[in-house]
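Notes for the structure review
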Amino acid sequence: MKPTPVFKNPGAKLQDLLRFDSGTPVLTAEDWRRRRLELIKPLQDICYGPMPPTPEGRPRVVTTKPGKGAFRNAPSATHARLVTFPFADSDYGILLDLYTPIKADSESPTPVVICGDGCWQRVTPEFAELVTGRGYALCVFDRTTVSPDIGESHEAVRGSVLGRRHPELEFGAIAGWAWGFSRVLDAIQEIKGLDASRVAVCGHSRGGKAALLAGAFDERFATVFPNGSGSGGSGSWLLQAQGAEPLEVITRVFPSWFTPGFAAYARRETELPFDSHYLKALCAPRPVVSTEALGDLWANPAGACVTHAAAREVYRFLGGRDAHAGMHFRNGGHEHGIPDWTAMLDYCDWHYFGKPLPWDPLYTPFAL
Ligand code: GTR
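Quick summary incoming for the structure in this document. Remember, it's a predicted structure, so these values are computed and weren't measured experimentally. (Residues numbered from 1 in each chain as written. Predicted model: local features only at pLDDT ≥ 70, side-chain atom pairs only at ≥ 80, totals over all residues. Heavy atoms only, no water.)

For the rest of this paragraph, the subject is the site of the ligand. Close to the ligand lie Trp120, Ser205, Arg206, Lys209, Glu245, Ile250, Phe254, Trp257, Trp298 and His334. The contact in question runs from an oxygen atom of the ligand to an N or O atom on the side chain of Ser205, over 2.8 Å. The contact in question runs from an oxygen atom of the ligand to an N or O atom on the side chain of His334, over 3.2 Å. Considering only residue class, the shell around the ligand consists of five nonpolar, two polar and three charged. (Near = heavy atom within 4 Å. Polar contact = N/O pair within 3.5 Å; in protein donor to acceptor, adjacent residues only side chain to side chain. Nonpolar A, V, L, I, M, F, W, Y, C, P; charged D, E, K, R; others polar.)

Laid out in structure tokens, this is it:
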């Protein structure tokens, strides 16, 4: 029998996605474009802070020395090390490791997976082999070179290159990381042979929070794969199953990930005017697929299920499919391992190329 999760805040209801804040229903596609802006506003004002703007002009992308150390060549792929300079007037660059499959058919552009977890060395040659072996390019960068991951200090985010460029914007580190994903996508648009219309964004845990925010705010990402992302990601602030990370804890331990004011909502989650279904609905109709581990209670897979189900309403409204707000579960704990990466690639194969999907994106392990 499937377990029934016990949530904090019993009886609390998620906000209606298809009603304007005024109570008027969202009836047309044009209404939805306006409703999207309403969803973005509290996420920025209260939780993540304002997303720094897209730099003017195209980025300069240059090839640099081939990688050594942790990112050695994967035998069946070419490896390029590139730097993208997002600002025309500065020498600030983001380093990218790009693994591309060696293909017989060089005519068709290669779809791409971007992962920002270069900081954790979780993306080893084994992952590069897996991704390129399935016909995708893998682009890895270290998101902490965009915004530092110093949990306790907003000062560090303010003092980063991005923070100093926008002293008027009080954004947290997650927003900075999400901005970084978008700048990497700008670079991918400049690289010959890559398919910028088929770019998946993925990341683990705090990197998954950033990947989801990037996918929600930047509609150029074709598919969005947060892994074990929990609170501030795919989990839920309101519907916290036993063992989930509360708002009070995450804002105390990692205040700089969010706006300075967000901690004021500790133990007042029911007063928040949004939850993670806002992020998921912002992805619609593009697929958002949450990869979760049943033993990773801190990441609240049950809450992620409920907020995913809520977002499906928007997918249906936009003529998309329920399976485009998909979930994948495995046993085990908090990691981003081969089964999670494989599930992502399976899903991309299905969505982009119509191949059969060997697992059910609508399966839920909970009685909800
Ligand atoms: C934890 C944090 C989680 C998650 C995790 C991680 O300590 O509480 O929200 O982000 O770190 O990034 O591994």
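Okay, back to it.
Before going further, it helps to examine the packing of aromatic side chains. Two aromatic rings are characterised by how far apart their centres lie and by the angle between their planes. Under the counting rule described, the total for this entry stands at 19 aromatic pairs. Pairing Tyr352 with Phe353 gives two aromatic rings, centres 5.9 Å apart and planes at 75°, and the pair type is edge-to-face. A residue is classified by how much of its surface remains accessible, and Tyr352, at 11% relative accessible area, is buried. Among the aromatic side chains, those forming a connected cluster through ring pairs are Tyr48, Trp177, Trp237, Phe254, Trp257, Phe258, Phe262 and Tyr265. Over the ring of Phe85 we find Arg60; its NZ or CZ atom is 4.3 Å from the centre of that ring. (Phe/Tyr/Trp six-rings, centres within 6.5 Å; stacked < 30°, edge-to-face > 60°. Buried < 20%, exposed > 50% of the residue type's maximum accessible area, 1.4 Å probe, protein only. Lys NZ or Arg CZ within 6 Å of the ring centre and 35° of its normal.)

Burial analysis of strand S6 (residues 194–204) places eight of its eleven residues in the buried class, which makes it a mostly covered element. In this structure, strand S4 (residues 110–115) lies alongside S6, joined through five bridges in parallel fashion. Considered in S6, the bridge of Ile114 is made with Val201. The pairing of S6 with strand S7 (residues 223–227) spans five bridges and is parallel. When the bridges of S7 are listed, Cys202 appears paired with Phe225. Where the polypeptide runs from S6 across helix H6 (residues 206–217) and back to S7, its parallel neighbour, the crossover connection is right-handed. (Helix = DSSP H or I, 4+ residues; strand = E, 2+ residues; numbered from the N terminus. Pairing = 2+ DSSP bridges. Right-handed = clockwise from strand over helix to strand, strands pointing away.)

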